[in-house]
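Read off the chains here:
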Amino acid sequence: MSAIYYTEEHEWLAVEGDIGTCGITEFAQEQLGDIVYVELPEVGRAVAQNDEIAVVESVKAASELYAPVSGEVTESNDGLADDPAKVNADTMGAGWFFKLKISDPSELENLMDGAAYAALVAGQG
Amino acid sequence: MNNPHPGRTEENALKTTSLHGLQVELGGKMVPFAGYEMAVNFPLGVLGEHNHTRARAGLFDVSHMGQIRLYGDGRAGALEALVPADIANLGPGAMRYSQLTNDRGGIIDDLIVTNANGGDHLALVVNGANKDGVLAHIQAALPAGMELEHRTDDALLALQGPGAAAVMARLAPGSEKLVFMSCQSAQIGGVACHISRAGYTGEDGFEISMPGNRAEEIARLLLAREEVEAIGLGARDSLRLEAGLCLHGHDIDAATTPIEAGLAWSIQKRRRASGGFPGADIIMAQLKDGAGRKRVGILPDGRAPAREGADVVDGDGKVIGAITSGGFGPTLGGPVAMGYVHAEHGGTGTSLGLMVRGKTLPAKVAKIPFVPAGYFRG
């Protein structure tokens, strides 16, 4: 059973044990529109919370993803390189971006739960 | 993720076009653009709208653009003092692309000039973001007896794509026979319109000018045709980029000349010989000797788009230019860009590097347009 956290930068982080899987939210994909390119972090890269870690591009614009928590990248979703539209089609499933081995679980306390994120989006939509 | 909804904080003082209500009704995602709130895309999405326009027909609201009329005897000569195109020999109903130049040969704005068929004026269409400055610039230069009219109550629609002519044949019979860059007056649904065979997507298509208070009913007539979809600003930009067409403020500006921009074709023979437009000394010298830099098409090798502002480098990593428009080309299925490079690097096929997020992406100079034009020349 995993817990799902959200960031103010419209990312989700599903945590199982010490591994977090990260992607962008449904709200973010709707705002961005058709995704045409993603740039993913290399496996083994160590990041601190809020470091730039990945890039997502729609037809019109490029946006950065920031590491929701500190850790080391254990896996990137290489399937997105050939089919970035998966991000639009299945944001919280096949459209995941990368997995992190979380180095400081206390940082999860800085993130939002589903209800808090829903309230944030309601104010922006 | 940063800023997935740009512009939401500055929507207070925005103007609206006659089709604002319809755009909202159709589910348009409204954003600020050129001082107006307009749809960047509709539920079909930028990719779907782009592809629909290339395959069938797309309807664009371009009412933010400035529609200006110039009245008075000697109007062609008065305008020729401001632009390098041959206006005096523009036949009735004919249109020409040109630029308002400054004393350095730079481009204040680009525009379409029409010798209205049977009319008593020249009709100008200028960029929305520049229109107030352009009006003042032209007004200040006009000799006595000329009158400039800003048609603020008129709307402008563009119907673009290979299916556009069949739609126009039904709604304004005869207009489908117009050839590229010509216009006529005609009625659509009982409304007097000016219809031209023109546009900015690289596709065959039409632009329709009409009173703003009738624009919504005409837009609804067009949208009622099954081949027509409403298209937003996002696809308008990707379509014009693939067509290799300049966007003022990006690919051309007050510091770029028409020759650097690859627009020499828009300066007719008589004007090349006679000059008499702002910056003529510089522009005529560049016509003769070439310019030091030129606008080129650029195709990145991989899938990563290079955006406006990215540096262009040579094999040694030396900066030789910059990207002025860049993104994803849906018809090409990959990244596409335009930019300026030193002339010696401007040959088709020349290898370049593009600096994107600190990395050098390999790219090549490519012919523009990237997608063949579908203009109807009769």
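Not measured: the values here are computed from a predicted model. Residue numbers run consecutively from 1 along every chain, following the written order of its sequence. As they are written, the chains are lettered A onward and the ligands numbered 1 onward, keeping that order. This being a predicted model, a pLDDT of at least 70 is required before a residue's local features are given, and a value of 80 or more before pairs of side-chain atoms are given or counted; all residues contribute to the totals for chains, interfaces and linings.

Participant: What's the story with the overall build of chain A in this structure? I'm lost.
Facilitator: By definition, any uninterrupted DSSP run of H or I lasting at least four residues is a helix, any uninterrupted run of E lasting at least two residues is a strand, and each is numbered from the N terminus. Broken down by element type, chain A carries 4 helices and 9 strands. When the helices and strands of chain A are listed from N to C terminus, the series reads β-β-β-α-β-β-β-β-β-α-α-β-α. For chain A, with 125 residues in total, the buried portion stands at 46%. A pair of residues counts as a contact when their C-beta atoms, built from backbone coordinates, are separated by no more than 7 Å. Relative to all contacts within chain A whose residues are 6 or more apart in sequence, the contacts with residues 24 or more apart total 62%. With C-beta atoms placed from the backbone, a residue is buried if 20 or more other C-beta atoms are within 10 Å of its own, exposed if 12 or fewer are, and partly exposed between those counts.

Participant: Would you mind going over the sheet that holds strand β7 (residues 62–66) of chain A with me for this structure?
Facilitator: Think of a sheet as strands paired side by side through backbone hydrogen bonds, with each pair either parallel or antiparallel. Residues and elements named next belong to chain A. Strand order in the open sheet formed by 3 strands is β4-β6-β7, and the pairing between neighbours is antiparallel. The two strands at the open ends of the sheet, each matched to only one other strand, are β4 (35–39) and β7. Going across the sheet, the axis of each strand differs from the next one's by a mean of 25°, ignoring polarity. Sheet topology places strand β6 (residues 52–58) next to β7; 5 bridges connect them, and they run antiparallel. Paired with E57 across the two strands is A62, which belongs to β7. Being paired, for any two strands, means DSSP has found at least two bridges between them. Simply put, an axis is a line fit to the C-alpha atoms, just over the touching stretch for a helix, and the angle between two N-to-C directions goes from 0 to 180 degrees.

Participant: I would appreciate a short explanation of the domain arrangement of chain B in the present structure.
Facilitator: A common way to state how big an interface is: give the accessible area lost once the parts meet. Residues and elements named next belong to chain B. According to the domain assignment, chain B consists of domain 1 (8–64 + 153–242) and domain 2 (292–372). Domain start and stop points were drawn from an automatic or database domain assignment. Between the C-alpha centres of domain 1 and domain 2 there is a distance of 30 Å. Opposite the 8 residues of domain 1 that make contact, domain 2 presents 12 residues. Listing elements by their share of the side of domain 1 that touches domain 2, those giving two or more residues are α2 (45–55) and α7 (233–242). At 4 residues, the largest contribution of residues to the side of domain 1 that touches domain 2 is made by α2.

Participant: Just checking my understanding: could you explain the environment of H10 of chain A for this structure?
Facilitator: For H10 of chain A, the location among the structural elements is in the loop between β1 (3–6) and β2 (11–16). Measuring from C-alpha to C-alpha, the distance between H10 of chain A and Q29 of chain A comes to 9.2 Å, with 19 residues separating the pair along the chain.

Participant: Which parts of the structure should I look at to understand the interface of chain B and chain A?
Facilitator: With 19 residues of chain B at the contact, the number on the chain A side is 22 residues. Taken together, the elements giving at least two residues each to the side of chain B that touches chain A come down to α2, α7 and β16 (319–329) of chain B. It is α2 of chain B that provides the largest number of residues to the side of chain B that touches chain A, a total of 3 residues. Residues were grouped as follows: Ala, Val, Leu, Ile, Met, Phe, Trp, Tyr, Cys and Pro as nonpolar; Asp, Glu, Lys and Arg as charged; and all remaining residues, including Gly, as polar. Counted by class, the side of chain B that touches chain A contains 8 nonpolar, 8 polar and 3 charged residues.

Participant: Just to check I follow, could you spell out α2 of chain B for this structure?
Facilitator: Residues V46, L47, E49, H50, H52, T53 and R54 of chain B constitute the buried set of α2 of chain B. Against the buried residues of α2 of chain B lie β2 (36–41), β3 (57–61), β9 (154–160), β13 (228–230) and α7 of chain B.

Participant: Where do I start with the environment of P211 of chain B in this structure?
Facilitator: Residue and element names in this part refer to chain B. Here P211 lies in strand β12 (residues 205–211). You can call P211 partly exposed: it has 15 C-beta atoms within 10 Å. For the pair formed by P211 and D251, sequence separation is 40 residues and the distance between their alpha carbons is 31 Å. The contacts of P211, once residues within four sequence positions are left out, are D153 and D154.

Participant: Please clarify how the pairing of strand β9 (residues 98–102) of chain A should be interpreted in this entry.
Facilitator: Here is the key point about a regular strand: its side chains alternate between the two faces of the sheet. Residue and element names in this part refer to chain A. A large share of β9 lies buried, amounting to 4 of its 5 residues. Judged from the 5 bridges that link them, strand β8 (residues 71–76) and β9 form a sheet pairing that is antiparallel. Paired with S76 across the bridge in β9 is F98.

Participant: Hey, could you run me through the nonpolar core in this one?
Facilitator: Most often, soluble globular proteins have nonpolar side chains that are buried together. All names here are of chain B. By size, the foremost hydrophobic cluster in this structure holds 129 residues, and its most contacted members are L59, L124, L157, L159, I208 and I298. A domain split of this core shows at least three residues from each of domain 1 (8–64 + 153–242) and domain 2 (292–372). For L157, the residues in contact, after removing those within four places along its chain, are L59, F60, D61, V62, I208, A215, I218 and A219. Residues enter a nonpolar core if they are buried, belong to Ala, Val, Leu, Ile, Met, Phe, Trp, Tyr or Cys, and are joined to the set through C-beta atoms within 7 Å.

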